[in-house]
Structures are given as C-alpha cells and as structure tokens.
Amino acid sequence: MAVAVAMASAANCVVYFSSKTNNIPVFELKNHSWPAAFVNKPPNIFEKRSVRMSSSMTRFIQRATPSGTAVENDGSFHDTDTVPTPKVIIDQDSDPDATVVEITFGNRLGALLDTMNALKNLGLNVTKANVYLDSSGKHNKFAITKANTGRKVEDPELLEAIRLTIINNLLEYHPESSSKLAMGATFGVEPPKEKVDVDIATHIRVDDDGPDRSLLYVETADRPGLLVDLVKIITDISIAVESGEFDTEGLLAKAKFHVSYKGKAIIKPLQQVLANSLRYFLRRPTTEEASF
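Keep in mind it's a predicted model, so treat the numbers as computed, not measured. The written sequence of each chain sets the order in which its residues are numbered from 1. With the structure being a predicted model, the display of local features is reserved for residues of pLDDT at least 70 and the display and counting of side-chain atom pairs for 80 or more, all residues being used for whole-chain, interface and lining totals. Processing note: side-chain calculations cover all non-hydrogen atoms of the structure and skip hydrogens and water entirely.

Right, let's get into the overall build of the protein. Each helix corresponds to a stretch of at least 4 residues labelled H or I by DSSP, and each strand to a stretch of at least 2 residues labelled E; elements are numbered beginning at the N terminus. Across its full length, the protein holds seven helices and nine strands. Categorising residues by exposure relies on relative accessible area from a 1.4 Å probe, with only protein chains included: less than 20% of the type maximum marks a residue as buried, more than 50% marks it as exposed, and the intermediate range marks it as partly exposed. Here the protein holds 292 residues, and the buried ones make up 51% of them. Every residue pair with non-hydrogen atoms within 4.5 Å of one another is taken to be in contact. Taking the contacts inside the protein whose residues are at least 6 apart along the sequence as the reference set, 74% of them involve residues at least 24 apart. On the protein, roughly 13,400 Å² of surface is accessible, and the fraction owed to carbon and sulfur atoms is 50%. In this description, accessible areas are obtained by the Shrake-Rupley approach with a 1.4 Å probe, and a residue is regarded as covered only by the protein chains that are shown.

Dropping the structure here:
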C-alpha cells in the first residue's frame, strides 16, 4: 500500500492556481461513479453506515497509476533528513460546495498529479488546487466534488476512501513515511517504532456551538475505517452529524464534528452518553483489520 503526503520549505511564499487559469487540474471521469449512498435530508449530512469497511468499499481504495509526467516526490530531501509527520486533512466546513483536502509532509511532496488521478478513479473531480509554503512546510490543497453530481462528498465511506487512498499513495511514493503512519504497521515497509496507547491518546470533548448545535472533538489512535466508525457510533444514538473535519496527523486521528439532537444543541446528560459511547468503542480491542 502507499500514500503521498508532504510539506515543504519554510519560506513565506504562496503559489495559487486560480480556477480561471489552465493550471488547475480538473478531471472529468467517464463511465465511473460512486454509488449513491448518501441520503440528503437535514439535519444529518451523514447516513448511518456499517462499522467495518466492507469489501465493497475497500475495493474502491485507489492506488496511483504512474502517469509518466506526475511528480509525487520533489527530490529535495536526503536520507539523513529527519522524517516529518505526515498530515491529511478532510475539511467539510470551509467550502459549502466542495470537500477540501490538504496534504502536508515537510518539504517532500511534489505536484501529486498521480494522487489526484487516483482520486479521479473514485468518481471525483478536483475542481481547484493550490500550493502554499509557510514555516511548517509545503501544503497541497484540493477542492473535490463528486463527478456525477458536482457536489461535495458527504458519504462517510467515500470520505474514508479518499483519506485511505491518499495515505496509500503516500506509502507508495514516500516509503519513509511508513514509520510515521498507523497504517504503516500493516501496509508499510517499516512499522512505527512506538505503538500508541489508545487509553492515553483518546480525548473527547463537547463544546457549545450556538443554540442549535454542539461541537464534538475526538482525538484517538488512527486506524483504517475510523471515520466511518465514529459517524456510526454518533448516529446510532440519534445524534445528527451536520459537518466537520477529519485530520490524520501521523499515528493520531483528530475529528471535529458539528452535531445536534432534534435540531438543537446537545444537553449535558446526552453529551455524557455520547462521550461514554465513543470511549467504550475506541478503547475496545480491535478484532478485525480492514484489507485494502
């Protein structure tokens, strides 16, 4: 398995590709679309899904097909460099019309055209792309929509497929990232040197987010299918997930969900039920590994 994620140098320069130019990679996928699994009825933007990734989902995890022209690795690092922490952000909040994906891996990422082609094979269009540099490195951002509808991705299984496809390509093109990613233990060339203690790593918090919804924060050890699992646990107790962000930072996963109960913010007793349900599930020993 493989993944491509990267950051870059510490300069404060920005490179933007406007949708008005020909520099934007826009893919029109023919004869392929993702199954219509999302039921679009407010307030839930996520329908209830099965806890484990089925083979019908995992077969859509895409491996990059080398294009001959794409550059996943910018070649600016050496074997003796410290390996940075890979980060993959799935952002459902910042753009009302598209799912925004951000990938960083120090200064090691190239143009990621092969990764974008792998996303295309999931039935997606990359409608906008920009790259910027800051003190933390190079950030590659894409705006993604479903090819068959032109809308943002709202099916949690497809969102998880996007995340795992990116991680898959990172492991493929940057095998040195294997020791920095939870999925490197199973699919990488070198497993992480330390195993994350789930009890210590798991943190759950619910904050007020106005009269009509609350903000749920979850941080825990990463694993395949985690995004789908979290949404399933939340919706199983009749709490609606309206939008959110899911970040993979090395061995950890950090989720932020806007949630509500019957169109209102979650009251304290239900917040406790939600937190206890998530803790019980996340700290339960994993008995099954998803296969790519």
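So, on to the side chain of Gln92. Along the chain, the position of Gln92 falls in the loop between β2 (87–91) and β3 (99–104). Excluding anything up to four places from it in sequence, Gln92 contacts Thr99, Lys152, Val153, Glu154, Leu159, Ser243 and Gly244.

What follows deals with the environment of Phe246. Structurally, Phe246 can be placed in strand β8 (residues 240–249). Contacts of Phe246, omitting those with residues within four sequence positions, involve Val88, Ile89, Ile90, Arg163, Leu226, Leu227, Leu230, Ala253, Lys254 and Ala255.

Our next topic: the confidence of the model for the protein. The share of residues in the protein with pLDDT of 70 or more is 70%, and the mean pLDDT across the chain is 77. Confidence of the predictor at the level of single residues is captured by pLDDT, which takes values from 0 to 100. This model gives residues 47–60 a pLDDT under 50, and the stretch forms 39 contacts once residues within four places in sequence are excluded. Note that residues 64–71 has pLDDT below 50 and, in this model, 14 contacts with residues that lie over four places away or in other chains.

This paragraph deals with the nonpolar core. With 52 residues, the main nonpolar core has Phe142, Ile162, Leu216, Leu230, Ile234, Phe257 and Leu278 as its most contacted residues. By residue number, the principal contributor to this core is helix α3 (residues 156–173), which donates nine residues. Segmentation of the chain into domains, including their bounds, is taken from an automatic or database domain assignment. Summarising the domain contributions, this core has at least three residues from each of domain 1 (87–187) and domain 2 (198–282). Not counting chain neighbours up to four residues away, the residues in contact with Ile162 comprise Ile90, Val101, Leu119, Leu122, Leu124 and Val153. Residues grouped as a nonpolar core are buried Ala, Val, Leu, Ile, Met, Phe, Trp, Tyr and Cys residues, joined through side-chain atoms within 4.5 Å.

Backbone geometry places Ser238, a non-glycine residue, at a positive phi of 65°. Inspection of the secondary structure puts Ser238 in the loop between α6 (226–236) and β8. One non-glycine residue with positive phi stands out, namely Lys262, at about 55°. Note on placement: Lys262 falls in the loop between β9 (252–260) and α7 (268–283).

Structurally, Arg223 can be placed in the loop between β7 (214–221) and α6. What makes Arg223 buried here is its relative accessible area of 13%. In this structure the C-alpha to C-alpha distance between Arg223 and Leu252, which are 29 residues apart in sequence, comes to 8.6 Å.

Take Val241: it is sitting in strand β8. Assessed through its relative accessible area of 0%, Val241 is described here as buried. C-alpha of Val241 to C-alpha of Leu215: the two residues are 26 residues apart in sequence and 9.8 Å apart in space.

A few words on the pairing of β3. Of all six residues that make up β3, six are buried, and the element is covered over most of its length. Here β3 shows two buried faces, one formed by Thr99, Val101 and Ile103 and the other by Val100, Glu102 and Thr104. Should DSSP find at least two bridges between two strands, the strands are taken to pair. In this sheet, β3 lies alongside β2 in antiparallel orientation, the contact comprising five bridges. Along β3, the bridge assignment pairs Ile90 with Val101.

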